[in-house]
Amino acid sequence: MPHPEGAQPSNFTRCAWLFPLVGAAIGAIVATVNLGLRAVNVPGIAAAALSLGFGALLTGALHEDGLADVADGFGGGKDRNAKLEIMRDSRLGTYGALILMVVFATKASAIAAAPGEMSVRGLIAAHALSRGVLPLMRLTLGPARTDGLAASAGTPNVRVATAAGLLALAIGFLALRWQLALAAVLLVGGCVSVMVWIARRQIGGLTGDVLGGTQQVCETTILLLIAASH
């Protein structure tokens, strides 16, 4: 996956502490679209689905693509090399399509189930926490291959990764009541641990797709928590 024009790997890793802020902004935009659609009497589930679609357009569906590639590679590859090769393939397979449908339906249902103000807070927290943990995750496991986004972008230093994590925590606790924020943080930690374990067993390291897939898993889990709490 190429870097945006003008974005060098060293700049990318130095700016990693901004991930939670970017996530919070995206979450706020998605929430605003959702509330706007609800205000004109669009049904809750339809408003949630349309706002998620807008969010995907806003980000170029970068993380969704990563999740689908991980599902296709880990589900369809017979060995490490085959899994990595499938993950490079731009075509969408059965496993990828299935996981995207499940995750999209889950997120839309969770957003629709949350009250208006809580859906805003939940989306901001979910997007911030799910992105803020990625630099820390990158520190725990090296790249699975010598090329690709995870390898070329480099490893953020401990200070940058810690700043991203602390900023994500701050946003999460500002957006949610402390009990809910703490539960969200613990769930994110569990999701990241599982994804790191799976990636290590499947391909021996991280790729950009694994990081994107982890963001989607964390975001979905937090939104489910928000919906379940109400």
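Reading guide: rules and limits
Residues numbered from 1 in each chain as written. Predicted model: local features only at pLDDT ≥ 70, side-chain atom pairs only at ≥ 80, totals over all residues. Heavy atoms only, no water. Core = buried A, V, L, I, M, F, W, Y, C linked by side-chain atoms within 4.5 Å. Buried < 20%, exposed > 50% of the residue type's maximum accessible area, 1.4 Å probe, protein only. Helix = DSSP H or I, 4+ residues; strand = E, 2+ residues; numbered from the N terminus. Contact = heavy atoms within 4.5 Å. Axes fitted to C-alpha atoms, helices over the stretch in contact; angles between N-to-C directions. Parallel < 35°, antiparallel > 145°, perpendicular 65-115°, else oblique. Left-handed = near helix turned anticlockwise from the far one by under 90°. 1 Å grid on protein atoms, 1.4 Å probe; cavity = no way out; pocket = protein on both sides within 12 Å on 5 of 7 lines; lining within 4 Å. Points joined across faces, edges and corners; volume = space filled by probe spheres on them. Nonpolar A, V, L, I, M, F, W, Y, C, P; charged D, E, K, R; others polar. Polar contact = N/O pair within 3.5 Å; in protein donor to acceptor, adjacent residues only side chain to side chain. pLDDT = per-residue confidence, 0-100.

S.K.: Looking at this structure, how should I read the nonpolar core?
M.R.: One recurring pattern in soluble globular proteins is that nonpolar side chains are buried together. By size, the foremost hydrophobic cluster in this structure holds 45 residues, and its most contacted members are Met137, Leu176 and Val210. By residue number, the principal contributor to this core is helix H11 (residues 178-203), which donates 10 residues. Apart from residues lying up to four places away in sequence, Leu176 is in contact with Met118, Arg121, Gly122, Ala125, Ala181 and Ile226.

S.K.: Explain the packing of H11 against helix H12 (residues 208-228) here, please?
M.R.: How two helices sit against one another is set out by the angle between their axes and by the gap between those axes. One way to put it is that H11 packs onto H12 with a least axis distance of 9 Å and a crossing angle of 150°. Relative to H12, the element H11 lies roughly antiparallel. In the packing of H11 onto H12, the handedness of the crossing is right-handed. Together, Leu180, Ala183, Ala184, Leu187, Val188, Cys191, Val192, Met195, Ala199 and Ile203 of H11 and Val210, Gly213, Thr214, Val217, Cys218, Thr221, Ile222, Leu225 and Ile226 of H12 make up the contact between the two elements.

S.K.: Looking at this structure, I do not really get empty space enclosed by the protein. What am I missing?
M.R.: A water-sized probe rolled over the atoms picks out the places where empty space is left. Counting across every chain of the model gives 1 cavity of 30 Å³ or more. Taken as a whole, the largest cavity encloses approximately 40 Å³ of empty space. Forming the walls of the largest cavity are Ala110, Ile111, Ala114, Ser119, Gly122, Leu123, Leu223 and Ile226. For the lining of the largest cavity, the secondary-structure elements that each account for two or more residues are helix H6 (94-113), helix H7 (116-132) and H12. Broken down by element, the residue count for the lining of the largest cavity peaks at 3 residues, all from H7. Among the residues forming the lining of the largest cavity, the class breakdown is 6 nonpolar, 2 polar and no charged.

S.K.: So what exactly am I meant to see when it comes to the side chain of Ser119 here?
M.R.: Examined against the element boundaries, Ser119 turns out to sit in helix H7. The class of Ser119 is buried, set by a relative accessible area of 3%. A polar contact is formed between the side chain of Ser119 and the backbone oxygen of Gly116, at a distance of 2.6 Å. Aside from chain neighbours lying at most four places away, what touches Ser119 is Asn34, Leu35, Ile111 and Ala114.

S.K.: Mind showing me how you'd approach the environment of Asn41 here?
M.R.: Within the fold, Asn41 resides in the loop between helix H2 (19-39) and helix H3 (44-59). Asn41 gets classed as exposed once you look at its relative accessible area, which sits at 71%. Between the alpha carbons of Asn41 and Ala144 there is a distance of 48 Å; along the sequence they are 103 residues apart.

S.K.: Explanation requested: the confidence of the model for the protein chain in the structure shown.
M.R.: Low-pLDDT stretches of the model should not have their predicted coordinates read in fine detail. Within the protein chain, residue pLDDT values average 92, and 92% of them lie at 70 or more. Predicted confidence for residues 1-7 stays below pLDDT 50, and this span has 7 contacts to residues more than four positions away or in other chains.

S.K.: Would you explain the environment of Ala144 in this entry?
M.R.: Take Ala144: it is sitting in the loop between helix H8 (134-140) and helix H9 (149-152). On a C-alpha basis, the gap between Ala144 and Leu52 in space is 30 Å, while along the polypeptide they are 92 residues apart. Contact partners of Ala144, with chain neighbours within four places excluded, come to Arg80, Leu84, Ile203, Gly205, Leu206 and Thr207.

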